[in-house]
Amino acid sequence: MSEESEAAVSTNFDGDAARWRAVCANDRRANGCFVYAVRTTGVYCRPGCVSRQPRRANVVFFDTGTAAAEAGYRPCKRCLPSGRSRAERHRELVVRACRRIDAGPGRVSLADLATAAGLSRGHFHRLFREHTGLTPHQYERAQRDERLRCALADGAPVARALGEAGHDAGGTGHARATGALGMPPSRYRRGGAGSTIRFAVGQATLGAVLVAGAERGVCAIALGDDPDALVRGLQARFPRASLVADEDGFAAHVARVVGFVETPSLGLDLPLDIRGTVFQRRVWRALSEIPLGDTASYAEIARAIGAPGSARAVAAACGANPLALAVPCHRVVRSDGGLSGYRWGVERKRALLARERDAAD
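This is a predicted model, so every value here is computed, not measured.

A. Broad picture of the packing of aromatic side chains. Summed over the entire model, instances satisfying the criterion amount to 5 aromatic pairs. With 5.6 Å between their ring centres and 70° between their planes, Tyr-342 and Trp-344 make a pair best called edge-to-face. Across this residue pair, the class does not change: Tyr-342 and Trp-344 are buried. One aromatic cluster in this structure is built from Phe-124, Phe-128 and Tyr-139. Above the ring of Trp-20, the side-chain terminus of Arg-56 is found at 5.6 Å from the ring centroid.

Written as structure tokens, this is what we have:
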């Protein structure tokens, strides 16, 4: 199972503050993610337990019921936290389905996955999407693309790599692979050799701005304090491509980005070459729908894409965003409204949000 799929079936109940909110709300989605124990009663419960709410000062959290039992607490007789919850059973079914798809390269039908889980096709489809943020078909396609990347990176001939990954060997499979890789499979096999990435660097009041692109559009926008470091980061991302400084060709793109930084109300309309996994692209599309001057939490974005249990995977997708500002990951905050990490600096994120609020007023 890939790191992305492991993250996608996780839930966002890290930290005592988030866990206490779940307990106060009797949030059953948190069942299986942690348990809470009450010092005065010596009992531990699931977050969704409907027993009388304890005082916060008397509550201690544990990742598992086993840990609570080892600390001397006994299981609640009402919510039975020592057994598996429905949420845990559902998560296990999804994990098993992911592992079956991961085993590839043969395609597994929705009917087969649902039968193995003992659920109807509709029920299993909803459950899988809720936990991973993807449909089974989208997940299978993402894994197929990843197998292709690995095979090509290992030097396998293109036709063999397509077949081993589960792609059709004909023109349709080749075209699908080209779209997923962002370049023809043969070029990807050479590590991107033969590709040309053009770029330009400008300066805004919040620091240096780098804009880069290939044939299909702008593929990178980066912010920072050191222009040379931004160029080195671009080279690290495209190690086999030819980087060409093109101040004249990219002057208009850089000007648009700098203009947006200084005056957010201008908007930012660029031809984008968005490269990412299926899940990442869904998250980035949702980020682009956050209005100027507004913010959203990771949990809200997870619900917006139909995967309420994938807030941690949403955070990972935000961190992987290569297109600063054009895909506005700076508008995502913690559930309490606080600023979380930002790839291009938290203080820069704070300043961007302040400018956007002012522009929206």
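B. Molecular detail of the UniProt feature "binding site: Zn(2+)" (unreviewed entry) in the protein. Here the UniProt feature "binding site: Zn(2+)" (unreviewed entry) sits at Cys-45, Cys-49, Cys-76 and Cys-79. Look at the named residues: they lie 35 residues apart in sequence, but the longest C-alpha span between them is just 8.8 Å, so in the fold they bunch up. Looking at the secondary structure, you find Cys-76 in the loop between β4 (74–75) and α4 (86–103). Excluding its chain neighbours within four sequence positions, the residues that come into contact with Cys-76 are Val-43, Tyr-44, Cys-45, Cys-49 and Pro-81. Mapped onto the secondary structure, Cys-79 falls in the loop between β4 and α4. Once you skip the residues sitting within four places of it in the chain, Cys-79 turns out to touch Cys-45, Arg-46 and Cys-49.

C. A look at the pattern of salt bridges. A complete count under the given rule lists 8 salt bridges for this structure. One salt bridge connects Arg-19 with Asp-63, and the closest N-O pair in it is separated by 2.9 Å. On the criterion of sequence distance, the pair formed by Arg-19 in helix α2 (residues 16–24) and Asp-63 in the loop between β3 (59–62) and α3 (65–70) is long-range, its members being 44 residues apart. By relative accessible area, which is 53% here, Asp-63 ends up exposed. Put simply, Arg-350 and Glu-347 hold a salt bridge, and the shortest N to O gap is 3.3 Å. Here the residue Arg-350 and the residue Glu-347 both occupy positions in helix α16 (residues 346–360), the gap between them amounting to 3 residues, near one helical turn. The class for Arg-350 is partly exposed, based on a relative accessible area of 41%.

Criteria and thresholds
Residues numbered from 1 in each chain as written. Predicted model: local features only at pLDDT ≥ 70, side-chain atom pairs only at ≥ 80, totals over all residues. Heavy atoms only, no water. Phe/Tyr/Trp six-rings, centres within 6.5 Å; stacked < 30°, edge-to-face > 60°. Buried < 20%, exposed > 50% of the residue type's maximum accessible area, 1.4 Å probe, protein only. Lys NZ or Arg CZ within 6 Å of the ring centre and 35° of its normal. UniProt positions renumbered as here; feature names shortened; annotations may be inferred. Helix = DSSP H or I, 4+ residues; strand = E, 2+ residues; numbered from the N terminus. Contact = heavy atoms within 4.5 Å. Salt bridge = Lys/Arg side-chain N within 4 Å of Asp/Glu carboxyl O.

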